[in-house]
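Examining the three-dimensional arrangement
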Amino acid sequence: MDNITQPLNTYNLISSAPTHLWIGSPELVHSQVLRALHNVLCTIVQCQQTCVHTHQLANEQHPYVLFLRPTRTYTREHIEILHKVCSYKLEENTKFYCVIYQADALGHAAASSILKLLEEPPVGYNFILVAQRSESILPTIRSRCIISTYQAYTTHCSDALCLNMSTQFTGDPLQFMQTLEKLEIDEISSLTYLDHIFSFWQSKCMTAYNNSDQVALKSYNLACSLLLFHIKNPPVPGSAVLMWKNIFLHMSLFLKPANQATV
Ligand SMILES: [Zn+2]
């Protein structure tokens with residue numbers, strides 16, 4: 001059986017196991033990969049993705065990441081590079097990430113030759129395979145990976161709090177407080193909400209990035225950093241409402257209600 005999981009958030013996900021298969025449209029998954037790698041590599045608290053890691057990852061030149069792309073298919077040379085990179089012994093507590101794009105292009109021979117790596121990754125090595133469809137990946141590879149499927153955010157989450165903090169964000173504190181009061185929100189449900197809202201702003205970042213809209217990108221990035229901070233530091237018992245008030249207050253500062261028109 002494949003271990004199909006719905007991605008919670010990429011930060012927890014990428015640290016949960018060394019071998020992953022991420023399914024989705026190439027653009028969407030690529031942006032998830034960059035963000036996830038940034039989150040595990042960057043140690044700046046609430047980093048707004050202006051750091052050196054962000055640049056190195058965007059240029060695919062990070063010293064702790066190998067980005068592997070097929071020319072048309074994966075050749076023996078590609079696989080040799082992968083094996084060579086993974087043969088180096090890493091320093092203690094160091095992590096190295098191998099991103100294998102278009103894993104659907106791994107032919108039978110190439111796939112077989114990396115099975116062992118995926119099965120028993122050398123200490124510190126992590127693999128993210130990226131593909132458009134999971135059926136196109138050999139079952140032997142699939143069974144080694146934690147599989148996550150990424151879909152562009154749609155308004156599938158019709159929950160009032162999610163809407164209030166995503167597509168229908170107005171910055172109106174009264175309306176927000178009424179929504180919050182109706183929910184009787186606790187620490188556990190807060191985590192699910194955080195994930196939904198985070199994935200929404202993450203997809204907004206990607207759209208702004210693709211449109212070279214620097215102003216929007218900056219404010220969406222702030223929203224993502226804020227949400228990510230709370231995902232990494234979940235509310236302690238009894239503090240869920242306070243956390244949401246804080247998040248709302250901060251989001252109101254950098255997301256102008258005018259964004260509504262573009263949401
Ligand atoms: Zn950073």
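Residues numbered from 1 in each chain as written. Predicted model: local features only at pLDDT ≥ 70, side-chain atom pairs only at ≥ 80, totals over all residues. Heavy atoms only, no water.

**Some words on the overall build of the protein chain**
Note the following rule: Numbered from the N terminus, helices here are DSSP runs of H or I no shorter than four residues, and strands are runs of E no shorter than two. Remark: exposure states derive from per-residue accessible area (1.4 Å probe, protein chains only) relative to the maximum for the residue type, with buried under 20%, exposed over 50%, and partly exposed in between. Note on contacts: a residue pair is in contact if any heavy atoms of the two residues lie within 4.5 Å.
Summing up its helical and strand segments, the protein chain has 11 helices and six strands in all. Residues counted as buried form 48% of the 263 residues belonging to the protein chain. At a minimum sequence separation of 6, the contacts of the protein chain that also span at least 24 residues come to 75%.

**Examining the layout of surface pockets**
Note the following rule: Site definitions follow a grid-based scheme: protein atoms alone, a 1 Å grid, a 1.4 Å probe that fits but cannot get out for cavities, and for pockets an open set with protein on both sides within 12 Å along at least five of seven lines, plus lining residues having an atom within 4 Å of a point. Grid points are joined across faces, edges and corners, and a volume is the space filled by probe spheres set on the points. Ten residues, namely Ala, Val, Leu, Ile, Met, Phe, Trp, Tyr, Cys and Pro, are considered nonpolar, four, namely Asp, Glu, Lys and Arg, are considered charged, and the remaining ones, Gly among them, are considered polar. How far each domain reaches was decided by an automatic or database domain assignment.
Roughly 920 Å³ of internal volume is contained in the largest pocket. As for the largest pocket, its lining consists of 33 residues, and the residues nearest its centre are S31, L34, T54, A58 and Y209. For the lining of the largest pocket, the secondary structure elements donating two or more residues are α2 (26-41), α3 (52-58), β5 (125-131), α9 (187-210) and α10 (214-232). When its residues are assigned to classes, the lining of the largest pocket shows 12 nonpolar, 16 polar and five charged. Counting residues domain by domain, the lining of the largest pocket receives three or more from each of domain 1 (3-149) and domain 2 (160-261).

**Digging into the pattern of salt bridges**
So the rule is basically this: Basic side-chain nitrogens of Lys or Arg form a salt bridge, by our definition, when they fall within 4 Å of a carboxyl oxygen of Asp or Glu.
Throughout the structure, instances matching the rule amount to three salt bridges. With its nearest N and O atoms 2.4 Å apart, the salt bridge here joins E60 to R69.

**Details of α10**
Worth spelling out the cut-off: A helix is expected to span 1.5 Å for every residue after the first.
Helix length check: α10, at 19 residues, gives a terminal C-alpha distance of 26 Å against a target of 27 Å (1.5 Å per residue), a fit within 8%. Judged by how many residues are buried, α10 sits mostly within the fold: 14 of 19 residues are covered.

**Regarding the nonpolar core**
Operational definition: In this description, a nonpolar core means a group of buried Ala, Val, Leu, Ile, Met, Phe, Trp, Tyr and Cys residues linked to one another through side-chain atoms lying within 4.5 Å.
Residues M165, W201, W244, I247 and M251 are the most contacted members of the largest nonpolar core, which totals 33 residues. Those elements giving two or more residues to this core turn out to be α7 (160-165), α8 (173-183), α9, α10 and α11 (240-254). Sort the elements by how many residues they give to this core and α10 lands first, with 10 residues. Other than its neighbours up to four places away in sequence, M251 contacts M165, F169, W201, A223 and L226. Counting 30 residues, the second largest nonpolar core, distinct from the first, contains L66, L82, L115 and I137.

**Here we look at the environment of I114**
Tracing the backbone through its elements, the reader meets I114 in helix α5 (residues 108-119). For the pair I114 and E80, spaced 34 residues apart in the sequence, the C-alpha separation amounts to 9.8 Å. For I114, the contacting residues outside a window of four places in its chain are I79, L82, H83, I100, L106 and I141.

**Points about α5**
With 12 residues, α5 should cover 16 Å at 1.5 Å per step; its first-to-last C-alpha distance of 16 Å lies within 8% of that length. Within the sequence span of α5, burial applies to A110, A111, I114, L115, L117 and L118. Elements in contact with the buried residues of α5: β2 (19-23), α4 (76-86), β4 (96-100), β5 and α6 (139-142).

**Examining the packing of α9 against α11**
For any two helices packed against each other, the geometry comes down to the angle between their axes and how far apart the axes lie. In plain terms, the rule: Working convention: axes come from line fits to C-alpha atoms, limited for helices to the stretch in contact. Angles between N-to-C directions cover 0 to 180 degrees. Reported orientations rely on four angle classes, namely roughly parallel under 35 degrees, roughly antiparallel over 145, roughly perpendicular from 65 to 115, and oblique for the rest. By convention the crossing between two helices is left-handed if the near helix lies anticlockwise of the far one by an angle smaller than a right angle, and right-handed if it lies clockwise.
Two elements in contact, α9 and α11, have axes separated by 10 Å at closest approach and are oriented at 20 degrees. Looking at the two axes, α9 sits roughly parallel to α11. Of the two possible hands of crossing, α9 and α11 adopt the one that is left-handed. Residues E187, S190, Y193, L194, I197 and W201 of α9 lie in contact with α11, whose contacting residues are A240, M243, W244, I247 and M251.

**Comments concerning the confidence of the model for the protein chain**
As a reminder, the rule being used: pLDDT expresses how confident the predictor is about each individual residue, on a scale running from 0 to 100.
On average, residues of the protein chain carry a pLDDT of 84, and 90% of them reach 70 or more. Low pLDDT (under 50) marks residues 1-8, which in the prediction has 18 contacts with non-local residues, meaning those over four places away or in another chain. In the model, residues 258-263 has pLDDT below 50 throughout and makes nine contacts with residues more than four positions away in sequence or in other chains.

**So, the pairing of β4**
Keep this limit in mind: If DSSP finds at least two bridges between two strands, the strands pair. Throughout, right-handed denotes a crossover for which the path from the first strand over the helix to the second runs clockwise when the strands point away from the viewer.
Most of β4 sits inside the fold, with five of its five residues counted as buried. Neither face of β4 is left uncovered, since the one carrying F96, C98 and I100 and the one carrying Y97 and V99 both have all their residues buried. Relative to β4, strand β3 (residues 65-68) runs parallel, the two being bridged by four bridges. Residue pairing for β4: V65 is matched across the bridge by Y97. What joins β3 to β4 is α4, and the crossover it makes is right-handed. Alignment of β4 against β5, held across five bridges, turns out to be parallel.

**Observations concerning the packing of α4 against α5**
At a minimum axis distance of 10 Å, the contact between α4 and α5 shows a crossing angle of 10 degrees. Between α4 and α5, the angle falls in the class roughly parallel. Seen from α4, the contacting residues are I79, L82, H83 and C86; seen from α5, they are A110, S113, I114 and L117. Its residues assigned to classes, the contact of α4 with α5 shows six nonpolar, two polar and no charged.

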